[in-house]
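# Remarks on the overall topology
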Amino acid sequence: MPAEIVLVPCLSDNYAVLLHEGDTTVLVDAPEAKPILDALRERNWRLTDILITHKHADHVGGLPELWNDYRATVYGPKDEAQHIPGLDVPLSEGDVAKIGPWSFETIATPGHTKGHVVFFEPREKWLFAGDTLFAMGCGRLFEDTPEAMWRSLSKLAKLPNETRVWCGHEYTLSNAKFCASILPGDVAIAERLKKIEAARAKGEPTVPSTIGAEKATNVFLRAAEDKVAAAVGLDGDAAAVFAELRDRKNRG
Ligand code: ZN
Ligand code: FE
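Summary of the structure given here. (Residues numbered from 1 in each chain as written. Chains lettered and ligands numbered in written order. Predicted model: local features only at pLDDT ≥ 70, side-chain atom pairs only at ≥ 80, totals over all residues. Heavy atoms only, no water.)

### Observations concerning the coordination of the zinc ion (ligand 1)
Coordination sphere of the zinc ion (ligand 1), protein contribution only: His54 (NE2), His56 (ND1), His112 (NE2) and Asp131 (OD), at 2.2 to 2.3 Å. For the zinc ion (ligand 1), the donor residues sit on a single chain with the sequence spacing H-x1-H-x55-H-x18-D. The distance between the zinc ion (ligand 1) and the iron ion (ligand 2) comes to 3.1 Å, and aspartate 131 binds to both of them. In this pair, histidine 56 sits in the loop between β4 (49-51) and α2 (57-60) while histidine 112 sits in the loop between β8 (102-108) and β9 (117-121), placing the two residues 56 residues apart along the sequence. (Donors = N, O, S within 2.8 Å, 3.2 Å for Na, K, Ca; no water. Helix = DSSP H or I, 4+ residues; strand = E, 2+ residues; numbered from the N terminus.)

Shown next as structure tokens:
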């Protein structure tokens, strides 16, 4: 039996993810309890484990209420332990969380927050990217430098192209329009923007994406390309191009 994966829309634009196989049900991020509890009850799944990417309220806010029904084991970033209620297993770069049939590798991705981590399952080729990498975008830099975020994103770009990527928010349409504004002549971006507009018009999610699609269409991951540097009036240094892109997106 392959794993079952359920994307759970939460709050206004957050996503949680449920992974289920056999007796194991893993939740990735806990924006709010209600939709997660509904999804679990509908399927008769017992929540066993929770992976947390970072400390923000829209990723941990549902934890206390989930405990009324399930005292699942909570894994999350060691550097944000004091902000994650009930954290059982603090994780740092390279730590592996073995849960049921899966091994989730912890990748430290400072940028959005200093302690932010993402989880990669190498056999399934799943990446849970939280607020580091979005479909056609990336997280805002609340606690770290553009250089740090660029290094974090560069690590994720090295994962296999077929890796499926679940991110923390449905920001894809706004991100896609931004990418198209930077590279208006780019066919891959224009085609993906069309697909995203169609999906969102029907109320469908644009998540998961893949690493391959992000490398082809996400300008933040393409900051090392001369074409992208030229589009923002810079040459060379990818981190500087990335910083300029992030600034423009913030202003847009
Ligand atoms: Zn966040
Ligand atoms: Fe968030």
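Continuing now.
### What to know about the coordination of the iron ion (ligand 2)
Octahedral metals with six donors have ideal donor angles of 90 or 180 degrees. Tetrahedral metals with four donors have an ideal donor angle of 109.5 degrees. Taken together, the protein donors to the iron ion (ligand 2) comprise Asp58 (OD), His59 (NE2), Asp131 (OD) and His169 (NE2), at separations of 2.1 to 2.3 Å. With 4 donor atoms in place around the iron ion (ligand 2) and angles of 83 to 171° between them, the coordination shape is irregular. We note that the donor set of the iron ion (ligand 2) lies within a single chain, spaced as D-H-x71-D-x37-H. Taking relative accessible area as the criterion, histidine 59 reaches 0% and is therefore assigned buried. (Tetrahedral: all angles 85-135°; square planar, octahedral: opposite > 155°, others 65-115°. Buried < 20%, exposed > 50% of the residue type's maximum accessible area, 1.4 Å probe, protein only.)

### Overview of the nonpolar core
Ranked by size, the top nonpolar core spans 36 residues in total, and within it Leu127, Leu133, Val219, Phe242 and Leu245 carry the most contacts. Of all the elements in the fold, those that place two or more residues in this core are β9, α4 (146-157), α5 (172-182), α6 (187-201), α8 (226-231) and α9 (238-251). Leaving out residues up to four positions away in the same chain, valine 219 has contacts with Phe178, Cys179, Ile182, Leu183, Ile189, Val228 and Leu245. Counting residues in each nonpolar core, the second largest holds 24 residues, with Leu27, Leu37, Ile52 and Tyr70 among its members. (Core = buried A, V, L, I, M, F, W, Y, C linked by side-chain atoms within 4.5 Å. Contact = heavy atoms within 4.5 Å.)

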